[in-house]
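Take a look at the letters that make up each chain.
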Amino acid sequence: MRRFLRPGHDPVRERLKRDLFQFNKTVEHGFPHQPSALGYSPFLRLMAIGTRSGAIKLYGAPGVEFMGLHEENNTVMQIHFIPDQCQLVTLLDDNSLHLWSLKQHSGASELREEHRFTLKGPPGSPPSATQITAVLPHSSREVLYLGTESGNIFVVELPSFRVLEDRTITSEAVLQRVPEDYCNRRSCELVEALREHPKNPDQVLIGYSRGLIVLWDLQNNKATHHFLGSQQLENLYWQRDGSKFISCHYDGSYTQWPVSSDNKQPEPLENLVPYGPFPCKAISKIYWQTTKNGLPYIIFQGGMPRASYGDRHSISVVHGSQQTAFDFTSRVIDFFIIFSSEPTAEFDDPSAMVVLAEEELVVIDLKTAGWPAVHPPYLASLHCSAITCSHHVSNIPLKLWERIISAGSKQNIHYSNMPWPIDGGTNMAPDPPQRDLLLTGHEDGTVRFWDASGVCLHLLYKLSTVRVFLTDADPNDNMNTLGEDEWPPLRKVGTFDPYSDDPRLGIQKIYLCKYSGYLAVAGTAGQVLVMELNDEDAEHVVDHAEADLLQDQEGYRWKGHEKLKTRDGAVRFEAGFQPFVLVQCQPPAVVTSLALHSEWKLVAFGTSHGFGLFDHQQKRLVFVKCTLHPSDQLALEGPLSRVKSLKKSLRQSFRRIRRSRVSSRKRRGVSGNASEVQEANAKFDQDALQEMELAPVQRKIEARSAEDSFTGFVRTLYFADTFLRDSSRHCPSLWAGTNGGTVYAFCLRVPPAERRMDEPVRAEQAKEIQLMHRAPVVGILVLDGRSTPLPEPLEVAHDLSKSPDMQGSHQLLVVSEEQFKVFTLPKVSSKLKLKLTALEGCRVRKVTVANFGSCKTDDYNENDLAVLTNLGDVQIISLPFLKLQIRYPCIRKEDVSGIASCVFTKYGQGFYLISPSEFERFSLSTKWLVEPRCVVDVPEVTSNNHVHNKSGMENAARKS
Amino acid sequence: EFRRFSLERSKPGKFEEFYGLLQHVHKIPNVDVLVGYTDIHGDLLPINNDDNYHKAVSTANPLLRIFIQRKEDADYSAFGTDTMTRKKNVLSNVLRPDNHKKKPHIVISMPQDFRPVSSIIDVDILPETHRRVRLYKYGTDKPLGFYIRDGSSVRVTPHGLEKVPGIFISRLVPGGLAQSTGLLAVNDEVLEVNGIEVSGKSLDQVTDMMIANSRNLIITVRPANQRNNVVRNSRTSGSSGQSTESSLPSSTPNILANFLQGEEESDEEDIIIEDSGEPQQIPKAAPASESLESLTQIELLHESTQNGFLPSSEMSLNHSAGSISMEYEVQDAEHKSLEEDGTIITL
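A quick note: this is a predicted structure, and the numbers were derived from the prediction, not measured.

Rules behind the numbers
Residues numbered from 1 in each chain as written. Chains lettered and ligands numbered in written order. Predicted model: local features only at pLDDT ≥ 70, side-chain atom pairs only at ≥ 80, totals over all residues. Heavy atoms only, no water. Helix = DSSP H or I, 4+ residues; strand = E, 2+ residues; numbered from the N terminus. Contact = heavy atoms within 4.5 Å. Salt bridge = Lys/Arg side-chain N within 4 Å of Asp/Glu carboxyl O. Buried < 20%, exposed > 50% of the residue type's maximum accessible area, 1.4 Å probe, protein only. UniProt positions renumbered as here; feature names shortened; annotations may be inferred. Pairing = 2+ DSSP bridges. Axes fitted to C-alpha atoms, helices over the stretch in contact; angles between N-to-C directions. Core = buried A, V, L, I, M, F, W, Y, C linked by side-chain atoms within 4.5 Å. Patch = residues over 30% accessible without salt bridge, like charges linked within 9 Å, V, L, I, M, F, W, Y side chains within 5 Å. Areas by Shrake-Rupley, 256 points an atom, 1.4 Å probe, with all protein chains shown as cover. Phe/Tyr/Trp six-rings, centres within 6.5 Å; stacked < 30°, edge-to-face > 60°. Lys NZ or Arg CZ within 6 Å of the ring centre and 35° of its normal.

1. Regarding the environment of V903(A)
All names here are of chain A. Mapped onto the elements, V903 comes out in strand 62 (residues 903-904). Separated by 330 residues in the primary sequence, V903 and F573 have C-alpha atoms spaced 30 Å apart. If sequence neighbours within four positions are ignored, V903 has contacts with S390, H391, L438, Q909, G910 and F911.

2. Observations regarding the pattern of salt bridges
Summed over all chains, the structure comprises 47 salt bridges over all chains. With a closest N to O distance of 2.8 Å, E72(A) and R116(A) form a salt bridge. Highlighted residues: E72(A) in the loop between strand 5 (65-69) and strand 6 (76-81) and R116(A) in strand 9 (residues 108-118), separated in sequence by 44 residues. A residue is classified by how much of its surface remains accessible, and R116(A), at 40% relative accessible area, is partly exposed. Among the ionic pairs, E110(A) bridges to R112(A), the shortest N-O distance being 2.7 Å. Judged by its relative accessible area of 28%, E110(A) is partly exposed. Residues participating in the shared-partner salt-bridge network are R715(A), E817(A), E818(A), R843(A), R845(A) and D208(B).

3. Notes on the UniProt feature "repeat: WD" (unreviewed entry) in chain A
Residue and element names in this part refer to chain A. The feature "repeat: WD" (unreviewed entry), as given by UniProt, occupies residues 69-110 and 433-451 in the numbering adopted here. Across residues 69-110 one finds 0% helix and 62% strand; the C-alpha atoms that close the span lie 13 Å apart. Taken end to end, residues 433-451 is 0% helix and 63% strand, and its first and last C-alpha atoms sit 13 Å apart.

4. Topic: the sheet that holds strand 56 (residues 819-824) of chain A
Strands belonging to one sheet form pairs held by backbone hydrogen bonds; the direction of such a pair is parallel or antiparallel. All names here are of chain A. The four strands lie next to each other as 54-55-56-57, forming an open sheet whose pairing is antiparallel. Single-partner strands in this sheet number two, and they are strand 54 (777-783) and strand 57 (830-835). Put simply, the sheet's adjacent strands are angled 15 degrees from each other on average, direction ignored. As defined by bridge partners, strand 54 adjoins strand 55 (residues 811-816) across six bridges and the pair is classed as antiparallel. What sits directly across from I780, in strand 55, is V814.

5. Some points on the UniProt feature "domain: PB1" (unreviewed entry) in chain B
As recorded in UniProt, the sites labelled "domain: PB1" (unreviewed entry) are residues 1-71 of chain B. End C-alpha to end C-alpha, residues 1-71 of chain B measures 17 Å, and it is 31% helix and 21% strand.

6. Thoughts on the nonpolar core
General note: in soluble globular proteins, nonpolar side chains tend to be found buried as a group. Residue and element names in this part refer to chain A. Judged by nonpolar contacts, the single largest core of 57 residues is most densely connected at M47, I299 and M353. By residue number, the principal contributor to this core is strand 26 (residues 332-338), which donates six residues. Not counting residues within four places of it along the chain, the set of residues in contact with M353 comprises I299, I315, V317, F326, F335, F336, I337, V362, V363, I364 and L366. Among the nonpolar cores identified, the runner-up in size contains 41 residues, and L724, V743, L832 and L836 belong to it.

7. With respect to a nonpolar patch on the surface
Side chains of F5(B), L7(B) and L21(B) sit close together on the surface and give an oily, nonpolar patch of about 210 Å² of accessible area. Following the sequence through the fold, F5(B) ends up in the segment before helix 1 (15-26).

8. Quick word on the packing of aromatic side chains
Any aromatic ring pair is given by two values, namely how distant the centres are and how the planes are angled relative to each other. Summed over all chains, the structure comprises 33 aromatic pairs over all chains. Between the aromatic rings of Y518(A) and F580(A), the centroid separation amounts to 6.2 Å while the plane-to-plane angle is 55 degrees, which identifies the pairing as tilted. Of the two residues, Y518(A) sits in strand 38 (residues 518-523) while F580(A) sits in strand 44 (residues 576-586), which places them 62 residues apart along the sequence. Side by side, Y518(A) and F580(A) carry an identical accessibility label, which is buried. Aromatic side chains F15(B) and Y19(B) sit 5.7 Å apart centroid to centroid with 40 degrees between the ring planes, which places their arrangement in the tilted category. Note that F15(B) and Y19(B) are positioned in helix 1 at a spacing of four residues, about one turn of the helix. The residues F15(B) and Y19(B) share a single accessibility class, namely buried. Taken together, F23(A), Y888(A), F904(A), Y912(A) and F922(A) form an aromatic cluster joined through their ring pairs. Of note, K285(A) hangs over the ring of F335(A), and the distance from its end group to the ring centre comes to 5.4 Å.

Following this line, the structure appears as structure tokens:
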């Protein structure tokens, strides 16, 4: 009988659930992991980035984003837009070509894969015969020219990918009129570059890797000019008028060649090694851009002196006497120049250079003197320093929002004012319903404030806590202060800097009060900073207090790291959040939980040893409570902080270095092997994972004992104004939950505002609950008389929330990793429970109260618990009856860092890291969805004018 | 001392009333006593609940001989051991317990002191190829002591034989609870944990489920060694074979009932320390009468009391609650009576 009374079969509720909940992964924020290819369409003004996992992402104006994924999950080697079309072709490392197109569908454009194609040679031919090395989409939009390793160039029809065999340009045909002596020395080898003549679509420049360059007439199917290069060729570039082209070479040189009708075998005009005379690295790509004033821009990648600067990832821009070698923080994948693409324009007049490096996107303004960088509105490198924690705040009041933006704008003065140059497409998404902030804490002691309201995750402001402390590295010691005459003229650009000076600076917990502008930040070495927003620069002393969390524990020895040394005297802080109090936990173990009550002006913090409460108004420690179990030797000696965090960060640093070396070496390999190596590398991760799964695993079944380590580890802290002692009077209280399933409740006495500075805040332990299943407590929440969660501090004061019901009886919800339990207050008796682990075998990793509105009616909304389990499932559990509403698989259960990084918002959205540099945004709500919705319109094409459009050239083959 | 009084055979009433009557007759209102009687075979049997009281009354022909003994100096071993032929001894033993000390006996404690032990349960509803084992960790310091692993087993499905992933016992810890019961063995396939099927769940999930239920772990296994199975009449051993999946659904309600009941019995209560005072168990809150949940809870309570178990918490019933449903009232009465007699059994 009981079975039939179970909820979940109530049709009314089922219908309501459909109106409330729905799971969507909406958008990926940040910088794509392991980018491998770049493409740009001057016609659409869209940029495309391909990755090693087979993803392809298109970006235009802020908010215009598309994403596609190749089924094969193979590395994207090249991306080429079809001239004057909403189409692009990708080449993967399995030698397959894919045609993608942007099609409009119910008012929004969508990126779809249309065709796939793999070039097949005659039976018995070696695979290299059809291994594609260069792709040229012809400006006629009807054919693709495919250069191969064998030196043959195949022609395929678009969009059908039919091979036009009669038009194949064989290497034999090319070599017919080449002088004998040249021919003997070198055969054609692979096709390195294919470039269409900017004025005459019937002429194509073909560059072979050994140095031979041929101008091919497509009409007559014969070579018209031969250019006998002596150096291994890397790339080619036509000048705008088609009278000259430039070739760049493996030895770090570039050569200008004239094209005229009288000389069929011209000598080079100029041959230059820009960073000679000592051996230089290859110049892998070059641009020659004409300007009105006559001085060209010569922009090339690489070419650095091999011995002393061979490890730099550089792109040099030469304009008359100005020359800068932009020095990137990671390997340059590819770059392009945005210039005047109007076919009628006489000059290129480049405006910006867009560089895709392995870890970030850098855009350089070429029009403004000094060539400043442009602040990108998207593709932010979230991982400039490794993310250590994140915190989301919904619905920021406009005042605070503006103050944060103004503080951030003062930090960004060195950026260019140029409007974002990649501005294709139209953003159709409605304005974000509210202002949301995502705060990320980083290993280097910074907190970054991101605008998370819309599709573009945009950096608003960066806060550094380093100034408070004395560290080995002086922040003023700038690595790139090179002298005036320094050669090569290197200039560091980009923000990616994964090497932390001191892992103790790492941020572990963040709490921002959006109403008061108070911010609490806690770190790896037990430091807790309370900050206030100040619109002006200021110099002041940071008050310092110590909290000895061990009190009278005997026989204790902390073997972990030392606390951070603080600066003496006044410290200068820039406008923004400025610390005024530092509470140092002793022993300086990592801070594991943090809570701030801005109305009571109290901050609570916990470590693996205990927790404390600090009055930041009077700057006085109210109390500390040691939660250590006497037998907990591990926590006493502190391996958690030392062994785990320090060793881990060291190991990660090494791994990062190693990885970047591996990938750069791989790129230098011979093209034939390169793809195999890459393939092997791509498969490596999967294989390693599978091996791990195949290994015989067994699990011990053991009841939990009270002697487990780290039982004292404080997992959660919570402030509540509730009935702790008796049901007639409510009072402020602080709740703490530990790893060992203990909940402590302290009754607080906060003096009224007028006597706030005169009387001390008092605290007294009122309750201690021991959950018998002893699972870690991950959340504590008090529900008011209407079973609504208590509002945040100051929420009621700002009229943003109904005041809580203080008449009815309050309830306490304790969420452990295994169970949800509701207790009555003030007399604690158990009321309800949901034993999640006993039923499903999963554990709670994250839990938040989220408000869900119905998509059908505006006046209905309810509070539920959003829960993430260790299996990566997201569940919604109703309040106060603790009924499972719905469950969605969200994160792979092997993705431990993804699960650990997940944050929920107050309105049923969430973020988690899908790579060190990317957040995936998901939504559980039918009402709050932030997803890209945009349209790319095809501009009117007046066909004749655009025949000579340069987009074909722009996307022509490049070596990779 | 002897007393003789009469009872109405057809309406003997409840044991508590009888117990009160005895105390009244002997004028020992506040002394805890053990009550026993001699049945037709002359065995000394206890009277401590309604059932055996009724049985005792029904066996009286016409006289029912009752022995009353102070609880403190009671000799439990006397119960059920003696026959008519040694009747004298019984009497003498009971009346003069000192003599009895000479004979070493295995002392069997009273039911309230019994501790549940691990056992095979639900034999009647499970197919004979399966075995449901309840592992009681209570009162022992032994670890549960077994390991599980992933594996695969062959099942009969509509599409023929199919290999499906399963969870198996991989190792027993020597001296552990699992080994000492002898009910589980290496390579037994785990089918259910506390009524929840493990198919489709990962090794880690099943591990977590077992640990979360470790206080009262009920696991259903398909023993690797099928020779020790009970062969029932309903099925001939030949046809039973491996065809087991089809028989499972029919037993589901039972499994469910059993599981829920087990959960209520075994659920240890959390402990609270108020104002740094003495730790005590957290009581259950009085269920609110409107919600669906509360109905469920009441039913659960009802069931558990019928089984002779009462959750150890105090039942502070909220009499002021307005709309009390019918079930509630029934429950209420029963509770009161149970509370009065004070024989709450704690497990």
